[in-house]
Amino acid sequence: MPSLKIIVIGGGAAGFFGAITAAETFPDADITLLEKNKTVLNKVRISGGGRCNVTHDCFDNRKLIKHYPRGESFLRPLLKQFDAASTVRWFESRGVRLKTEADGRMFPVTDSSETIVTCLLQEARRLGVHIRTSCGVKSLTQREGQWQLDLLTDETLLVDRVLVAVGGYPQAASYGWIPELENPQEPNPSLIAPVPSLFTFNTPDNPLLALAGVAVPDALVRIVGTKQEQRGPVLITHWGFSGPAVLRLSAWAARELAQLDYRHEIRINWLAALNENQIRDQLQTFRQQHPKKQVASQALFGLPARLWTALATEAGIAPTDRWAELAGKAQNRLINLLTNSTYAVSGKSTFKEEFVTCGGLATAAVKPETLESLTQPGLFFAGEVLDVDGITGGFNFQNAWTTGFVAGRNIGRVGNP
């Protein structure tokens, strides 16, 4: 009896994990992984500034799923099969130890993404997975119980099962070669229109751009006109604002911001832990205790000195103004800027080249226990091609490991198709 032929399309985290799991689960299968680029695992290489944020140390799955703006209910049962703790055990059992940083992100102890790349490549090769690069797929069609792949190299392959793990596409038309998602120009309930997620805000008229590199550890960022807000570190950049609070906000508000064409206003409370009355009381106390000190020269509330000076200047406070001489209107303007600074956003920038898509194949289009297509027997999906995306912090990789594992473990089972 000929061995089962399996093709995995996509040489990223989900594709490799699916191929490796399939090879472990079905050792007699003939498994080939196709990657359209010249190299594989490219996103793994650049993740986390070249360190690879493998997962997050959130080992309570009820809490873990709260980090996914899209896909929470879908991932809940899948994590019972392979969760963050499983990821840690998987890599450590193959000689890759992970460490946890203060914010919960987990990296290899080597601080090098090449450690993860090498591990995945070695496992795939050890298990006999064939890896082909510069091998894009032009079309995918079902032929008498098998799948025909027409490649961009003009080669044709005929296989039994296919796992699509190509990541997210920025344009709906790019999904057209996938049978479940063909004809994307026409109404298609299986395709959730893709829009970007995890990006930074461009604020070209922002008076703080000269402070690029300054960070505030606990700020509250709101999108004006919506209920969307996030609290956490904010980083001032050469083009606007970044940092965990901004990135989380861009993920949760991805669709709203796309509808606004990324032109909107944000309000930042630079002192998220304090309310306006507490700030006013502390300023009044400092004013009474240090009347002769210059307002702009000594930062309060633990804010970076450069940011404090910039906000004081914007409030109309001269460098030589002392607390004893500070007019009430100027103090009110300073308090308003500390708690309610408003900036016009006109555009976005991808975060560290780590493009993440909101949208893709609707999760309702696959069997929740196996990730096989409901309408296309023998066709499986994993990773970001599904309408699942997480915030920054290792959650998108965890989705890749989890869905890759589940698809790989089921792709060769009897009864499929």
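Within every chain, residues take consecutive numbers counted from 1 along the sequence as written. Local features in a predicted model are, by the rule used here, given only for residues with pLDDT of at least 70; side-chain atom pairs are given and counted only at 80 or more, and totals for whole chains, interfaces and linings are based on all residues. Each side-chain value is worked out from all heavy atoms of the structure, with water and hydrogens disregarded.

Participant: I would appreciate a short explanation of helix H5 (residues 84-92) in the present structure.
Facilitator: For an α-helix, the turn length of 3.6 residues means that residues three or four places apart are oriented alike. Here the term buried applies to any residue with accessible area under 20% of the maximum for its type, exposed to any over 50%, and partly exposed to those in between, with areas from a 1.4 Å probe on protein chains only. The helix count covers DSSP runs of H or I at least four residues long, the strand count covers runs of E at least two residues long, and both are numbered beginning at the N terminus. Where H5 is concerned, the buried positions are Ala84, Ser86, Thr87, Val88, Trp90 and Phe91. Distance and chemistry together define a polar contact, namely a pair of N or O atoms within 3.5 Å, with one atom able to donate a hydrogen and the other to accept it when in protein, and with adjacent residues in sequence counting only for side-chain atoms on both sides. Between the side-chain oxygen at the start of H5 and the backbone nitrogen of Ala85 there is a gap of 3.3 Å, and the oxygen is on Asp83.

Participant: Would you take a moment to explain the sheet that holds strand E15 (residues 240-242) for this structure?
Facilitator: Paired through backbone hydrogen bonds, the strands of a sheet run either parallel or antiparallel to each other. Within the open sheet, the seven strands sit side by side as E17-E16-E13-E14-E15-E12-E18. Their pairing is antiparallel. Every interior strand has two partners, whereas the edge strands, strand E17 (341-346) and strand E18 (348-350), have only one. The average angle at which neighbouring strand axes cross in this sheet is 40°, direction not considered. At least two bridges found by DSSP between two strands is the condition for calling them paired. When strand E16 (residues 263-269) meets E17, the two strands line up antiparallel, connected through six bridges. When the bridges of E17 are listed, Ile266 appears paired with Tyr343. Note on contacts: a residue pair qualifies if any of its non-hydrogen atoms lie within 4.5 Å across the two residues. A fitted line through C-alpha atoms serves as each axis, taken over the contacting stretch for helices, and the angle formed by two N-to-C directions is quoted from 0 to 180°. Running over the sheet, helix H7 (residues 244-252) touches strand E12 (199-202), strand E13 (215-223), strand E14 (229-236) and E15 and is turned about 130° from E14. Strand contacts of helix H11 (residues 328-340): E16 and E17, with the helix running at about 110° to E16, the strand carrying the most contacts.

Participant: It is not clear to me how unusual backbone geometry should be interpreted in this structure. Could you clarify?
Facilitator: We note that Asp111 has phi near 60°; this positive angle belongs to a residue other than glycine. Among the secondary structure elements, Asp111 is positioned in the loop between strand E5 (105-108) and helix H6 (113-126). Classification of Asp111 as partly exposed rests on a relative accessible area of 31%. Phi at Leu371 is positive, roughly 70°, even though this residue is not glycine. Examined against the element boundaries, Leu371 turns out to sit in the loop between strand E19 (356-361) and strand E20 (379-381).

Participant: Sorry if this is basic, but what is going on with the packing of helix H10 (residues 305-314) against H11 here?
Facilitator: Helix-helix packing is characterised by the crossing angle of the two axes and by the distance between the axes. At a minimum axis separation of 8 Å, H10 and H11 run at an interaxial angle of 130°. Taken together, H10 and H11 sit at an angle that is classed as oblique. Helix-helix and strand crossings are classified by hand; for H10 and H11 the assignment is right-handed. Between H10 and H11, the contacting residues are Trp308, Leu311, Ala312 and Glu314 on the first element and Leu334, Leu337 and Leu338 on the second. Throughout, the ten residues Ala, Val, Leu, Ile, Met, Phe, Trp, Tyr, Cys and Pro are labelled nonpolar, Asp, Glu, Lys and Arg are labelled charged, and all others, Gly among them, are labelled polar. Here the residues of the contact of H10 with H11 are counted per class, giving six nonpolar, no polar and one charged. Roughly parallel refers to an angle under 35 degrees, roughly antiparallel to one over 145, roughly perpendicular to one between 65 and 115, and oblique to any angle outside these ranges. A clockwise turn of the near helix away from the far one marks a right-handed crossing, whereas an anticlockwise turn of less than a right angle marks a left-handed crossing.

Participant: What should I look at first to understand the packing of helix H1 (residues 13-25) against H6 in this one?
Facilitator: Relative to each other, H1 and H6 sit at 35°, their axes nearing to 9 Å. When you trace H1 past H6, the crossing you get is left-handed. Contacts between H1 and H6 involve Phe16, Phe17, Ile20 and Glu24 on the former and, on the latter, Leu120, Leu121, Glu123, Ala124 and Arg126. Tallied by class, the residues present in the contact of H1 with H6 amount to six nonpolar, no polar and three charged.

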